[in-house]
Amino acid sequence: MSKRTEAGTRAAGSRTGKATAPPKEVPSQDSALRLMARVASRVRELRKSQRMPRRALSEASGVSPRYLAQLEAGEGNISIALLQRVAEALGVTAETLLASGEATHPEAQEVMTLYRLAPAEVQSQVRRLLSAENPGALRSGRICLVGLRGAGKSTLGRLAGEALSLPFVELSSEIEAWTGMPMSEVLALYGQDGYRRLESEAVLRVLEQHDKMILAVAGGIVAEEKTYALLLERFHTVWLRTSPAEHMQRVRAQGDLRPMEGNPAAMSQLRALLEARSPLYERADAQVNTSNRTVSASLNDLLAVFASNRFLNSQRP
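Residues numbered from 1 in each chain as written. Predicted model: local features only at pLDDT ≥ 70, side-chain atom pairs only at ≥ 80, totals over all residues. Heavy atoms only, no water.

What follows concerns the overall build of the chain. The number of helices and strands found in the chain is 16 helices and five strands. Restricting to contacts in the chain with at least 6 residues of sequence separation, those with at least 24 account for 71%. (Helix = DSSP H or I, 4+ residues; strand = E, 2+ residues; numbered from the N terminus. Contact = heavy atoms within 4.5 Å.)

Here is the structure:
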């Protein structure tokens, strides 16, 4: 087109009010060279991180060693089809090799490859571990002691808190402080259903107040499905257990004669209750048997369980 014709065309565009489309920008040679260099670097890094000889990559991808050498040198004008074959042989996508920005770290790339090759069940476990709802992060350094009355929750919880410089909270005391009433009045006023609701609310309060703590809860809390599920999710749980006879003996030693007073079948009822709740207590993360153990020995057992299970390590999965 002559200069006069070109000028006339522009003038005609002005007269008609239609904008003349700007010329399309052609990718520069420099950008193409940068892309080739990026692909070359990523292929080299991935192959070396997997300790894969070039010959092995050639056999896996069907691309000749000579062509791969040119590709890794940034000199190979490889087709998309061949690049896809190389990427698949390295366990990645072609997009990974072409994407702008920093290359994925070789170790992360290896994890990606292992994840891709893993069975669905393993992939699901990995997702749970890496999730923001990871149980280790949710539980942090919070420990909850469960079990029937007389197992040693209050005594061992307080001593363990002192030994580890952790706050110790009894949920019943938290409820009493919140309502301003002793437990007997709380139960009389609210009834069993109302008390269970107060328990659930109290658990939420202590969760807001403490990232690290030891909590002792009433023996029957495990029968309240939602509240117990919350405890299992947000605390490392330990079942303190002992024999029915010791349960009864310790409760009476605390000055509470109600279990036996006027009730000759109390022991058989206690055995039945323990048997019924045992499957729920067994859902706890760990157990400590305090039967025929001194307080000092049981405390050492409990601290050992904390340490072996890394309950105070917030990164524990």
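Attention now moves to the nonpolar core. Core analysis: the largest hydrophobic core is formed by 32 residues, its most contacted members being Val203, Leu215, Val217, Leu231 and Phe235. For this core, the secondary-structure elements that each account for two or more residues are β1 (141–146), α11 (171–179), α12 (183–209), β3 (212–216), α13 (225–234) and α15 (266–281). Ranked by the residues each element gives to this core, the list is headed by α12, at eight residues. Those residues in contact with Phe235, other than ones at most four positions away along the chain, are Arg139, Arg142, Ile143, Cys144, Val203, Val206, Leu207, Met213, Leu215 and Asp285. (Core = buried A, V, L, I, M, F, W, Y, C linked by side-chain atoms within 4.5 Å. Buried < 20%, exposed > 50% of the residue type's maximum accessible area, 1.4 Å probe, protein only.)

This part covers the environment of Gly91. In this structure, Gly91 sits in the loop between α5 (80–89) and α6 (94–98). Among the residues examined, Gly91 registers a relative accessible area of 10% and is labelled buried. The sequence separation of Gly91 and Gln50 amounts to 41 residues, and the corresponding C-alpha distance is 9.9 Å.

Moving on: the sheet that holds β1. Taken in spatial order, the five strands make up an open sheet running β2-β3-β1-β4-β5, and their pairing is parallel. Strand pairing shows two members of the sheet lacking a second neighbour, β2 (168–170) and β5 (286–289), which therefore form its edges. Direction aside, the axes of adjacent strands within the sheet are offset by 25° on average. As paired strands, β1 and strand β4 (residues 236–241) are joined by four bridges and run parallel to one another. Among the inter-strand pairings, Ile143 is bridged to a residue of β4, identified as His236. On the sheet, helix α10 (residues 153–164) packs against β1, β2, β3 and β4 and is oriented at approximately 160° with respect to β2. (Pairing = 2+ DSSP bridges. Axes fitted to C-alpha atoms, helices over the stretch in contact; angles between N-to-C directions.)

As enumerated under the stated definition, the model contains nine salt bridges in all. Here Asp211 makes a salt bridge to Arg142, at a shortest N to O gap of 3.8 Å. Of this pair, Asp211 sits in the loop between α12 and β3 while Arg142 sits in strand β1, and the two are 69 residues apart along the sequence. Among the ionic pairs, Glu199 bridges to Arg196, the shortest N-O distance being 2.8 Å. Within this pair, Glu199 and its partner Arg196 are both found in helix α12, separated by three residues, close to a single helical turn. Owing to a relative accessible area of 1%, Glu199 belongs among the buried residues under this scheme. With relative accessibility at 16%, the residue Arg196 sits in the buried group. Members of the salt-bridge network, linked through shared partners, are Arg47, Arg54 and Glu72. (Salt bridge = Lys/Arg side-chain N within 4 Å of Asp/Glu carboxyl O.)

To continue, consider α10. End to end, α10 covers 16 Å across 12 residues, agreeing with the expected 16 Å (1.5 Å per residue, within 8%). Of the residues making up α10, those classed as buried are Lys153, Leu156, Gly157, Ala160 and Gly161. One side of α10 carries all its buried residues, which in axial view fall inside an arc of 135°. (Expected span 1.5 Å × (residues − 1). Arc of directions from axis to C-beta.)

On to the environment of Tyr190, then. Among the secondary structure elements, Tyr190 is positioned in helix α12. Owing to a relative accessible area of 33%, Tyr190 belongs among the partly exposed residues under this scheme. In contact with Tyr190, not counting residues within four places along its chain, are Thr179, Met181, Tyr195, Arg197 and Leu198.

All right, on to the packing of helix α14 (residues 244–253) against α15 then. Viewed as axis vectors pointing N to C, α14 and α15 meet at an angle of 120°, and their least axial separation amounts to 9 Å. When the interaxial angle is binned, α14 and α15 end up oblique. Viewed along their axes, α14 and α15 form a crossing whose handedness is right-handed. Here Pro244, Ala245, His247 and Met248 of α14 lie close against α15, whose contacting residues are Ala266, Met267, Leu270, Arg271 and Leu274. Taken together, the residues of the contact of α14 with α15 sort by class into seven nonpolar, one polar and one charged. (Parallel < 35°, antiparallel > 145°, perpendicular 65-115°, else oblique. Left-handed = near helix turned anticlockwise from the far one by under 90°. Nonpolar A, V, L, I, M, F, W, Y, C, P; charged D, E, K, R; others polar.)

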